[in-house]
Amino acid sequence: MNQQDRNLELNKTRNIGIIAHIDAGKTTTTERVLYFTGRTYKIGNVDDGNTVMDWMQQERERGITITSAATACHWRDYRINIIDTPGHVDFTAEVERSLRVLDGGVVVFDGVAGVEAQSETVWRQANRYGVPRICFINKMDRTGADFNRCLKMIEDRLKARHIAVTLPIGSGDSFGGVIDLIKLKAYSADGDQNTPEPIEIPIPTSEKERVEAARHQMIEKLAELDDEVMCAYLDGSDLSTDQIIAGLRRVTLGNKGIPVLCGSSFRQKGVKLLLDAVVNFLPSPLDTPPVVGIDTRTQAEVSRPVSDDAPFAALAFKVVSDPFVGRLVYLRVYSGTVDAGAGVMNTTRDQKERIGRLLVMHANAREEITKAETGSIIASLGLKSTFTGDTLCDPAHPVLLENIKFPEPVVSISIEPKTRADQDKMVDALQKLADEDPTFKVTYNEETGQNIIAGMGELHLDVLVSRMFTEHKVAAKVGQPRVAYRETITAPARADGRFVRQSGGRGQYGHVKIDIEPNTESTAVEVVDDIRGGTVPKNFVKAAAEGIKEAAATGVFAGYPMVGVKVSIFDGSYHDVDSNEMAFKTAGSMALKAAAAKANPVLLEPIMKMEVMTPEEYMGDIIGDLNSRRGHIVSIEPRGETTMIHAYVPLAETFGYTTTIRGISKGRATSSMEFYKYQELPANIAKTVMESAAVAK
Ligand SMILES: Nc1nc2c(ncn2[C@@H]2O[C@H](COP(=O)(O)OP(=O)(O)OP(=O)(O)O)[C@@H](O)[C@H]2O)c(=O)[nH]1
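Residues numbered from 1 in each chain as written. Predicted model: local features only at pLDDT ≥ 70, side-chain atom pairs only at ≥ 80, totals over all residues. Heavy atoms only, no water.

## So, the overall build of the protein
In terms of helices and strands, the protein carries 16 helices and 38 strands. Computed over the C-alpha atoms, the radius of gyration of the protein is 28 Å, within 12% of the 26 Å expected from 2.2 N^0.38 for a compact globule of 697 residues. Within the protein, the fraction of its 697 residues that count as buried is 56%. Summed over its atoms, the accessible surface of the protein is roughly 29,800 Å², and 50% of this surface lies on carbon and sulfur atoms. The positive charge centre, built from 81 side chains, and the negative charge centre, built from 94, are 3 Å apart in the protein. (Helix = DSSP H or I, 4+ residues; strand = E, 2+ residues; numbered from the N terminus. Rg over C-alpha atoms; globule rule 2.2 N^0.38 Å. Buried < 20%, exposed > 50% of the residue type's maximum accessible area, 1.4 Å probe, protein only. Areas by Shrake-Rupley, 256 points an atom, 1.4 Å probe, with all protein chains shown as cover. Lys, Arg positive; Asp, Glu negative; His and termini not counted. Charge placed at Lys NZ, Arg CZ, Asp CG, Glu CD.)

In structure tokens:
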């Protein structure tokens, strides 16, 4: 297909994510973007609960973004596909999956709070995916907002080379607009949606010197990072606007520097310049490297060019049960095109699938299309067994792209419906929610007869339980949250697993010898076949390895999954008649249990990285409370009139924390936390946990 036949030239497409810490203003910024790009005709406000992006009832009630809705809009003659990602770490899966499919990111910061811990996490995630970024220092109208402090924090905490391309005129109450350092123009506000230009004002005389210095600094930094700009700079010639933009684009795409803008989304200042920056500096799909996957026929690595003419390959990155249209699967098309109604191959599940309808999503409105092209982000209907992370491709050119990695849940609760009659409805609703959210797991505990749900934090589960009520009309009672402990070993050990039964006719015989040792590098349980001289046939070793893995998954001494263990099966014996795979599976499991018992087993507990922002007067009480929760205070920093406390706290001690700090601070302190790492549980607490695990059995 040539470029003219396309809906839009590929170089005029931007797939971006707006990513940031909770409350930095992502939703408000996205709303303004949608307004200026003409997709919404009324400005929505988060606080009134009428924004377009936060369309789920839950989000409206809580004023937070839970799912990342993909939405398409047009700016100048570019198409921008935006994925709104939530800032709450409990919903980290959303950020992870978005980063995987996006080409560029807009990182929004609160002008007062600056770089917060969660932004550091997201920044690191974005580094991992090599996503080029620009920054937007929002909320410059808030008292205490400080553009320079934010720049310094970007440098110190994110270790990023920032290049300020706009300057604020004043801040807080006197925030009067934004100066564009590239075009050397000042704007008081964005104006309405009928023009792409903001409302221009003369550069205030009092700002002239500062503007000159900042522009000089911008060009100098750019010259340091970009050879072409350096040449022009050394020539002594004045750089043109186009030269500066092209230089900034190269530096951003090369992840060498980060253009930084500022404004106030709420007051509609600086958002149109931000849109210009998105199209000027962030990559089009053509700027990203070709996607790499495995040819499932040959197992060879293959790369697919970013072209409509290449075979179709796409990644499913989100599943939503839409109450009106059904199961929507969001796809990022990496190469080729696909028609509505086409038969495709799901290589992750080795299954044929049929794409029904294709939709471009505009927040909560949808537009039907007949063909999805390379580089697009679209939603499809009709896919029955495609899940988040799956690859869809042309059946004649099968390719498997890397799956999206999600963290394992760290907290679980039991759940039962309020009325017996609702049991089936509840299970169905939970399955639908788990289908949408890869960090939410539903299991049934045979021993207790309870349904267990597990997720990334108390809030995560709380939101899912309320969604079950609002969207699926099932009311449920939940138990106390329980920590997802892990088992591991701290010393090497060796043991035999011997399973022998002799009862009448054919008996059972399985025997393996194993060595186990801790592996702090990984959370996996790795089993290797070290059998020499065929003392045990391969298929029996494989069965024993399966037995070891199964035993490790359900735990060997306290019923929690085992992590970080290396197992080597180095010897054993078999019997010509009595040996079979089942017997070796059991022997493997017995060997692991015996070896683990000798290897100083310990329980690990999840530790959360917590951040509390509080007025100074409550600091003492909050720290006292954190200490009583086995918390470890990492740092205390003044931030304007508030104080930021960083701490590590065991997850088990954080249940109900939001209510506690609300009490201590009369509602003025806020906290956020995210999973940090697993750490050995103190012996006295481990004893209690093991005793209660024994009782539950
Ligand atoms: N003063 C001021 N307030 C703002 C600005 N932008 C957003 N806010 C307010 O900040 C709060 C959080 O804004 P959101 O847009 O919901 O932030 P978010 O980052 O999307 O938050 P989550 O969706 O919960 O992750 C709301 O009360 C907004 O009205 C701004 O430019 N200035």
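## Thoughts on the sheet that holds strand 24 (residues 399-401)
Consider a sheet: its strands pair through backbone hydrogen bonds, and that pairing is either parallel or antiparallel. The strand order across the open sheet built from 3 strands is 13-12-24, with neighbouring strands paired in antiparallel fashion. Pairing within the sheet leaves two strands with one partner each, and these edge strands are strand 13 (301-304) and strand 24. Recorded for the sheet is a direction-independent mean angle of 45° between the axes of neighbouring strands. (Pairing = 2+ DSSP bridges. Axes fitted to C-alpha atoms, helices over the stretch in contact; angles between N-to-C directions.)

## Structural notes on the state of the cysteines
In a disulfide, the sulfur atoms of two cysteines are held together by a covalent bond. Under the criterion given, the structure shown has 0 disulfides. Here C135 is not cross-linked by a disulfide; its sulfur's nearest cysteine counterpart is in C150, at 9.8 Å. (Disulfide = S-S within 2.5 Å.)

## Quick notes on the packing of helix 10 (residues 423-436) against helix 11 (residues 458-472)
Remark: helix 10 packs on helix 11, axes separated minimally by 10 Å, with the N-to-C direction vectors making an angle of 115°. The two elements helix 10 and helix 11 cross, and the hand of that crossing is right-handed. Counted together, K425, M426, A429, L430, K432, L433 and E436 of helix 10 and L464, R467, M468 and H472 of helix 11 form the full contact between these two elements. (Left-handed = near helix turned anticlockwise from the far one by under 90°. Contact = heavy atoms within 4.5 Å.)

## Thoughts on the nonpolar core
One finds I80, V106, F109, I137, F147 and I154 to be the most contacted residues of the largest nonpolar core, which totals 79 residues. A total of 8 residues in this core trace back to one element, the largest contributor, which is helix 9 (residues 271-281). Among the nonpolar cores identified, the runner-up in size contains 31 residues, and A493, A551, A591 and A596 belong to it. (Core = buried A, V, L, I, M, F, W, Y, C linked by side-chain atoms within 4.5 Å.)

## Some words on the sheet that holds strand 33 (residues 525-529)
An order of 31-32-34-33 is seen for the 4 strands of this open sheet, with the pairing classed as mixed. Because the sheet does not close on itself, it has two edges, and the strands there are strand 31 (493-501) and strand 33. With direction set aside, neighbouring strand axes in the sheet form an average angle of 25°. For strand 33 and strand 34 (residues 565-573), the ladder comprises 5 bridges, and the chain directions are parallel. Along strand 34, the bridge assignment pairs E526 with K566. The sheet contacts of helix 12 (residues 538-554) involve strand 32 (508-518), strand 33 and strand 34, and relative to strand 33 the element is tilted by about 165°. With respect to the sheet, helix 13 (residues 581-598) is in contact with strand 31, strand 32 and strand 34, its orientation differing from that of strand 32 by roughly 35°.

## Here we look at helix 10
Along its 14 residues, helix 10 runs 20 Å from first to last C-alpha, staying within 8% of the 20 Å computed at 1.5 Å per residue. By the burial criterion, the buried members of helix 10 are M426, A429, L430, L433, A434, D435 and E436. (Expected span 1.5 Å × (residues − 1).)

## Quick notes on the packing of aromatic side chains
Where two aromatic rings form a pair, the distance of their centres and the angle of their planes describe that pair. Taken as a whole and judged by the stated rule, the model has 7 aromatic pairs. When the centroid spacing of 5.3 Å and the interplanar angle of 80° are considered together, the rings of Y485 and Y560 count as edge-to-face. Taken together, the residues span a long stretch of sequence, with Y485 in the loop between strand 29 (482-483) and strand 30 (486-489) and Y560 in the loop between helix 12 and strand 34 at a distance of 75 residues. There is no split in this pair, since Y485 and Y560 are both buried. Ring-pair connections join several aromatic residues into one group, and the members of that group are F540, Y574 and F584. Directly above the ring of W123 sits R133, whose terminal nitrogen or CZ lies 4.4 Å from the centroid. Taking NZ or CZ as reference, R327 lies 5.0 Å from the ring centre of F387, over its face. (Phe/Tyr/Trp six-rings, centres within 6.5 Å; stacked < 30°, edge-to-face > 60°. Lys NZ or Arg CZ within 6 Å of the ring centre and 35° of its normal.)

## As for the pattern of salt bridges
Under the definition given, this model contains 29 salt bridges. R210 is paired through a salt bridge with E207; the nearest N and O atoms lie 2.7 Å apart. On the basis of relative accessible area, R210 is assigned to the partly exposed category, the value being 35%. Exposure remark for E207: the relative accessible area of 12% places this residue in the buried category. Measuring nitrogen to oxygen at the nearest pair gives 2.7 Å for the salt bridge that ties D287 to R249. Linking D287 in the loop between helix 9 and strand 12 (291-295) with R249 in helix 8 (residues 241-253), this pair joins segments that are 38 residues apart in sequence. A residue is classified by how much of its surface remains accessible, and R249, at 18% relative accessible area, is buried. Taken together, the salt bridges that share partners define one network made up of R76, E197 and D276. (Salt bridge = Lys/Arg side-chain N within 4 Å of Asp/Glu carboxyl O.)

## Looking at the environment of I607
Here I607 lies in strand 35 (residues 601-615). According to the relative accessible area criterion, I607 is buried, its value standing at 4%. In this structure, the C-alpha to C-alpha distance between I607 and L651, residues 44 residues apart in sequence, is 5.5 Å.

## Side note on the side chain of S568
Tracing the sequence through the fold places S568 in strand 34. For S568, a relative accessible area of 13% gives the class buried. Contacts of S568, omitting those with residues within four sequence positions, involve K513, I514, D515, V528 and D530.

## Here's the deal with the environment of P311
Within the secondary structure, P311 is located in the loop between strand 13 and strand 14 (313-322). Considered as a pair, P311 and C393 are 82 residues apart in the sequence and their alpha carbons are 7.6 Å apart.

## Considering unusual backbone geometry
Within the chain, D350 stands out as a residue other than glycine whose phi angle is a positive 50°. Positionally, D350 belongs in the loop between strand 17 (343-346) and strand 18 (351-354). The residue R630 is not glycine, and still its phi comes out positive at about 60°. Relative to the elements of secondary structure, R630 occurs in the loop between helix 14 (619-628) and strand 36 (632-639).

## A short note on the packing of helix 6 (residues 208-225) against helix 7 (residues 227-235)
At their nearest, the axes of helix 6 and helix 7 sit 6 Å apart, and the two run at 125° to each other. Considering the angle they form, helix 6 stands oblique to helix 7. For helix 6 against helix 7, the interelement crossing comes out left-handed. Where helix 6 abuts helix 7, its residues H216, I219, E220, L222, A223, E224 and L225 lie against D227, V229, M230 and Y233. Grouping the amino acids of the contact of helix 6 with helix 7 by side-chain chemistry returns 7 nonpolar, 1 polar and 3 charged. (Parallel < 35°, antiparallel > 145°, perpendicular 65-115°, else oblique. Nonpolar A, V, L, I, M, F, W, Y, C, P; charged D, E, K, R; others polar.)

## A closer look at the environment of K26
Along the chain, K26 falls in helix 1 (residues 26-36). Sequence-wise, K26 and S265 are 239 residues apart; in three dimensions their C-alpha atoms are separated by 9.0 Å.

## A short note on the confidence of the model for the protein
With 91% of its residues at a pLDDT of 70 or more, the protein has an overall mean of 87. Mean pLDDT across the secondary structure elements of the protein bottoms out at helix 2 (residues 57-62), with 46, and peaks at strand 11 (residues 258-262), with 98. Segment residues 58-68 is flagged for pLDDT under 50; beyond a separation of four residues in sequence, or across chains, it makes 44 contacts in the model. This prediction of the complex comes with two scores: 0.73 for pTM and 0.96 for ipTM. (pLDDT = per-residue confidence, 0-100.)

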